[in-house]
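Chain and residue survey
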Amino acid sequence: MKMWPKRLPLKQGWNSALLYFLAIAFVATWWLFFFSGQVTPPLPTPPLRAKPVLESIVSRQELLQALKGDFALMGDLVLRWDREAQHRHLNRLPPDKVLRAHYLAKTISLTPNKTALKILPQTYLAAGILLTIATPTDLVALPRGFREQTYLFDAAVTQQIPLDVDHYTTEKLFLARPQIAFVSSHYTHPAALQALANQGVPIHASPNCENVADVLREIEIAGRLIGREQEGELLQLFIEAALLKLDQIPKETKNTLFLSYYDHFYLPLESNITGALVVRAGLPLPKVQTFELKEKLIQWNPETLVIATPRSINLLPFLQQDPGYSQLQAVRKGRVRFVDDEVMQTPTHSLVLAYYDLIEALQP
Amino acid sequence: MKLTLGFLFLLCTALVLATGDTPFSQLLQADFAEWNPLWHERLPRLIVLFLTGASLAVSGAVLQALFQNPLASPSILGVTCGGCLLVLPVFFFQWHLNYPFALPVAACGGSLLTLLLVYALARRKGRVEMGTLILTGIALSTFFLAAQGALLYALRDKWQFVQMLTEWEGGTSADRSWKHVHMQLPLTLIALSGVLYYRREINLLALGEEEALSLGVDVPTVRWRLFLCVSLLTGAALAAMGVIAFFCMLLPHLVRLFYGSNAEKLLPACMAWGALSLATVDITLRAFDVHLLSIGNVSALIGGLTFLLLLTRKRSFSYA
Amino acid sequence: MLEVRELSFPERLHPITLTCYPGEIHAILGSNGSGKTTLLKALLGLLPVPNNRVLWRGEPLLQKTRLEISRIVAWLPQQLQIPFEYTVEEFVGMGRYAHGDRGSLEPYLLKTDLLAWRHRLVHSLSQGEKQRAYFARALATEASVLLLDEPQAHLDLTRQRQFWTLLTRLAEEGKIILVANHDLHSSHRYCTHATILERGQCVAQGPVLTLDIPRFFA
């Protein structure tokens, strides 16, 4: 029979303490040894490119200003871009559209304040469009979380709208007596929809916007429904013109890959606006689902990387110290550009800004 | 049986190391100074899968013995929930980026604190009765789940964070690296050694606390240390792979059907079969290129179905 | 020598004093709820009692480590429930834990007539056979004091006789045996001393021959 080793009963107190101490010391030493000299975390640092390259061709500030509802500026920019394209013999917006834009800009500035409908936007798409083509005070509420997205509309604008759309504000919203509501046919809460129907509020439900054409269509519908057809039409024309202008800017897309980053890397999907913009810019959109993205990236080995990160944080030091990513050509040559994820994920007409950032990142 | 086990281990190892996008021949040629998926990604994943499977199965077996209940598991005590709750702020404030060991510390810390809380709440007149312990554990895990739900509801606008957390709670073996191995390995080594050291005591404790006391087991100390080991095992597995459900309850139960209840055979068998099962689930998911479900989802589904099947079989529950 | 001095437990047991010498078979008699099991558990330290109430060879028993206590006192509980499947051999082997070895289990299996069933699962045995397995385990501890709680409840008459013969032999070898019992006849016949409990209080104590046991249970 095997002899079981005779174990002496451990004395409580010291022996126990020693045992626990040894165990903790073992773990601490292990971690200290293997985790020291670890990769530094992605720190929030300012974007890599100090001086924007595109500013001389198209001013982001002007785009922003226009998108916020400066219709006069929209007309000016459309004209200006048309002249520039004419000068350089590039593709232009059809002349009738340019004229139309000019006419609309003039008419809108001349027309006195129109009767305002009280509007309830439940989606970011609708809120964004309506803040531009209607007066902010026409809106009775903003979708929850919209105020935090200040890249387009800052507090000065959103403060004018006191309410937020939420389950808890149903009664307050009812008291505000909206005359039309813009909801999503995909994700608006069915109970909220029912409540609106019960209150007798006309509803427009928009599907998910998967590309630029969908957004333009929604702008047109919104404008028509609230009696601001001219503003809606001008905004559409402006967006078309801006995208066309940005299309014409020479960019470097050879062997370039676009990725998103939040805790780890994601490939963009083709069924949303970000994907549509990526394709429009001439970048590949790999239709592949993979378990090990890192391995795939190393296989593809792109020359340039454009990464959408929160607040455009600079991941380059992190990538350079990682044993896998440091192999990539893009990382070795330092050809990694960062764009603001919040802008890139935009579901509204500010996709112009997203496209701008993307083209900016693709400059050689 | 040992030969079969050995063969299965080799098979699993080969399959895990060989599957992936990069062809195997290319891997062997590559220079080791560069990033080699075989060394940097597949081998760590293999180790993490084996360790997690073994940890979860063993912790289930230990708790089932301690509670004299063949269906006990760390989730009943609220250990997994407590660990998850403490990991939430680590992810939110992104401490795990600055301090990689923050994750296992938080997970084990959460598990341990839950254990302490359950223990303190369940003590009556200097004694802990197992019935009270289980009820307290259920109450605590309900509370923790509610707290976690509240936090997630408050943060529901941060959809990327919620998405990341969902992926983590589903359990994942993707993009594992040596970092995960180092998070898990030292804790698992200590805990598994502890559990194996006390395997004779575990047998005695399975008879009941009073009988174990009468037979000479220093029940308070041994129980406390076994609880510590279980927290380390579940916390480390949580940190390395996220939440893998049902594994810790069901696997020891199944292994017991074939190996008997003697801990001296049961525990090593749980380690071996736990490791193999988890690796097999992972290999299968990758072989069929399943992206809709995570490994945690699948183990929960399989676990749930098997549990229902066992309920219909009388033999499993014909204990004294 | 086992000495019990003013051992009590709130609401279940009034202070009891008891002295047992090697070779004695001491019956603890009483109806259900009279405190027999409480007394045995308190003796073993399974209930929180002051350390100095139980003395073994002059020293406080309950101040020793659990390992030392289990080498001195063995316990056969009243409720026989095993939620897991152990073989008879594994089960009896658990009695050797206090000695840290596996030991040879044949003698104990022989004494309880379980040798042929050493590889059977305990939970598949009948209640009587389970009791014998428990007894074999208690024997395996080689303890000097045996505390038996209703040990013959599930045994048939033949087995009962064998059991008492075994107990008598063990007593002759120098063990102290305390048997919680409610069978008056066997207690009268085989036990040397008796303590009669009623609602937690000791109503009579002493050598069996000096006590008129049936009077208390009329």
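What this report covers is the structure whose coordinates are included nearby. Counting restarts for each chain, with residues numbered from 1 along the sequence as it is written. Whichever chain is written first becomes A and whichever ligand is written first becomes 1, with later ones labelled in order. The model is predicted, so local features are restricted to residues of pLDDT at least 70 and side-chain atom pairs to those at 80 or more, both for listing and for counting; the totals for chains, interfaces and linings are taken over all residues.

How two helices sit against one another is set out by the angle between their axes and by the gap between those axes. Residues and elements named next belong to chain A. Axis definition: a line fitted to C-alpha atoms, limited for helices to the stretch in contact. Angles are taken between N-to-C directions and run from 0 to 180 degrees. Secondary structure elements are defined from DSSP: runs of H or I of at least 4 residues count as helices, runs of E of at least 2 residues count as strands, and each element is numbered from the N terminus. Look at helix α2 (residues 60-67) against helix α3 (residues 71-87): their axes get within 7 Å of each other, and the N-to-C directions meet at 130°. For the element pair α2 / α3, the angle class is oblique. As α2 runs across α3, the sense of the crossing is left-handed. Between α2, through E62, Q65 and A66, and α3, the contact on the second element is made entirely by L73, M74 and L77. Here the term charged refers only to Asp, Glu, Lys and Arg, the term nonpolar to Ala, Val, Leu, Ile, Met, Phe, Trp, Tyr, Cys and Pro, and the term polar to all other amino acids, Gly among them. Looking at the contact of α2 with α3 residue by residue, the classes come out as four nonpolar, one polar and one charged. When an angle is under 35 degrees it counts as roughly parallel; over 145 it counts as roughly antiparallel; between 65 and 115 it counts as roughly perpendicular; any other value is oblique. By the definition used in this description, the sense in which the near helix is turned from the far one sets the handedness, with an anticlockwise turn below a right angle giving left-handed and a clockwise turn giving right-handed. Contact definition: two residues whose C-beta atoms, as placed from backbone geometry, lie within 7 Å.

The next point concerns the sheet that holds strand β7 (residues 264-266) of chain A. Residues and elements named next belong to chain A. On the basis of which strands lie adjacent, the open sheet formed by four strands has the order β7-β6-β8-β9 and mixed pairing. Strands at the two margins of the open sheet, each flanked by one partner only, are β7 and β9 (336-340). For this sheet, the mean angle separating the axes of adjacent strands, direction not counted, is 35°. We call two strands paired when DSSP finds no fewer than two bridges between them. Looking at chain direction, strand β6 (residues 256-262) and β7 are connected through three bridges and run antiparallel. If you follow S260 over to β7, its bridge partner there is Y266.

The next thing to look at is the interface of chain C and chain B. Chain C puts 21 residues into the contact, and the matching count from chain B is 23 residues. If you tally residues by element for the side of chain C that touches chain B, the top one is helix α2 (residues 66-72) of chain C, at three residues. Looking at the side of chain C that touches chain B residue by residue, the class counts come to 13 nonpolar, five polar and three charged.

All names here are of chain C. To sort residues by exposure, count the other C-beta atoms lying within 10 Å of each residue's C-beta; 20 or more gives buried, 12 or fewer gives exposed, and values between give partly exposed, all with C-beta atoms placed from the backbone. Summarising burial for strand β9 (residues 193-198): five of the six residues are buried, a large majority. Strand direction decides the pairing type here: strand β3 (residues 25-29) and β9, joined by four bridges, are parallel. Bridged to H26 within β9 is H193. The pairing of β9 with strand β10 (residues 201-207) spans six bridges and is classified as antiparallel. From the neighbouring strand, E198 faces β10, where its bridge partner is Q201. A loop of two residues connects β9 with β10, the two strands running antiparallel in sequence, and R199 in this loop sits at a positive phi of about 50°.

Residues and elements named next belong to chain C. Taken together, six strands build an open sheet; the order of strands is β6-β7-β8-β3-β9-β10 and the sheet is mixed. The sheet is open, and its two borders are formed by β6 (73-76) and β10, each paired with just one other strand. Averaged over all neighbouring strand pairs, the angle between strand axes comes to 15°, with direction disregarded. Along the sheet, helix α5 (residues 127-140) makes contact with β6 and β7 (145-149), crossing β6 at roughly 175°.

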